[in-house]
Amino acid sequence: MVNRIKAGLLVSSLLWLSPFVCAQQANSTTARIEPEIEQSQVTPAKLDSENVVLALRGGVIAIEDFGSSGLVALQLGYHINEDFYVNAEFAQAKAGLTSYERLSGAAAPLLTDSEREWRYYGAELGYVVLPGQVFLGRNWAFNTGWSIFAGGGNVDFAGDKVFAVKLGSQFRLYMTDWLALDLQVADYVFETTILAESKTTHNLQLGLGLALYF
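All figures in this text were calculated on a predicted structure; none of them were measured in a lab.

**Some details on the side chain of K166**
Along the chain, K166 falls in strand 7 (residues 160-174). The class of K166 is buried, set by a relative accessible area of 0%. Polar contacts involving the side chain of K166 include one to the side chain of E89, which spans 2.7 Å.

**Some details on the pairing of strand 3 (residues 67-79)**
Strand direction decides the pairing type here: strand 2 (residues 52-63) and strand 3, joined by 12 bridges, are antiparallel. Counterpart to A55 in the pairing with strand 3 is Q75. Hairpin connection of strand 2 to strand 3: three residues between the antiparallel strands, including D65 at a positive phi of 75 degrees. Here nine bridges tie strand 3 to strand 4 (residues 84-94), and the two strands are oriented antiparallel to one another. What sits directly across from L71, in strand 4, is A93. Where strand 3 hands over to strand 4, the hairpin turn is made up of four residues, counted between the paired strands.

**A word on the pairing of strand 4**
A one-sided burial pattern is seen for strand 4, the buried positions being Y85, N87, E89, A91 and A93 and the unburied ones F84, V86, A88, F90, Q92 and K94. Sheet topology places strand 4 next to strand 5 (residues 117-136); 11 bridges connect them, and they run antiparallel. Among the inter-strand pairings, A88 is bridged to a residue of strand 5, identified as A123.

**Digging into the environment of E101**
Mapped onto the elements of the fold, E101 is located in helix 2 (residues 99-104). Judged by relative accessible area, which is 3%, E101 ranks as buried. Expressed as a C-alpha distance, the spacing of E101 and L111, which sit 10 residues apart in the sequence, is 9.7 Å.

What counts as what
Residues numbered from 1 in each chain as written. Predicted model: local features only at pLDDT ≥ 70, side-chain atom pairs only at ≥ 80, totals over all residues. Heavy atoms only, no water. Helix = DSSP H or I, 4+ residues; strand = E, 2+ residues; numbered from the N terminus. Buried < 20%, exposed > 50% of the residue type's maximum accessible area, 1.4 Å probe, protein only. Polar contact = N/O pair within 3.5 Å; in protein donor to acceptor, adjacent residues only side chain to side chain. Pairing = 2+ DSSP bridges.

Below you can see the structure in the form of structure tokens.
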């Protein structure tokens, strides 16, 4: 009988103390899993509110049948809004020798030095497909924009002027609020009769330059 009374008192004591024990365990568990994470301060580059852009680019162009040559291009652009922009461009290069000229030597040149000057002037409409950011380290973020464009103009080459279509894409990294790094890949497509037969040529260009906002 005494043992039954002791057992009952023990059970009653455990039931009475259990809420306090559970509360202490809950408090200790909450204290253990509460995170203390220090937020890093990221400073993104701010873009200039001006919409006019002047870009100077240098690179390489592969003039079909005439090898690869250095290219210099000057662009004046205007951003209509956050998505669309228009550019006016002037580009210049100098064509090399054809395979026929290399094999036959200097005795049979197809073009004079002045006719080897390759010039393009035209306009294009671009669309920003992927605006975004590039993070350098923990504290710096730079705005970027990848766009596609299409346009047309005139190519002055080999003593002739023909209409050309320009297609390509551009990646721009905004280094400050007024200066951006510009990478462009494009194809100038036009008809030519230099090698005695009319054909469509593709002239691929890769260029890197700087763009100034003002």
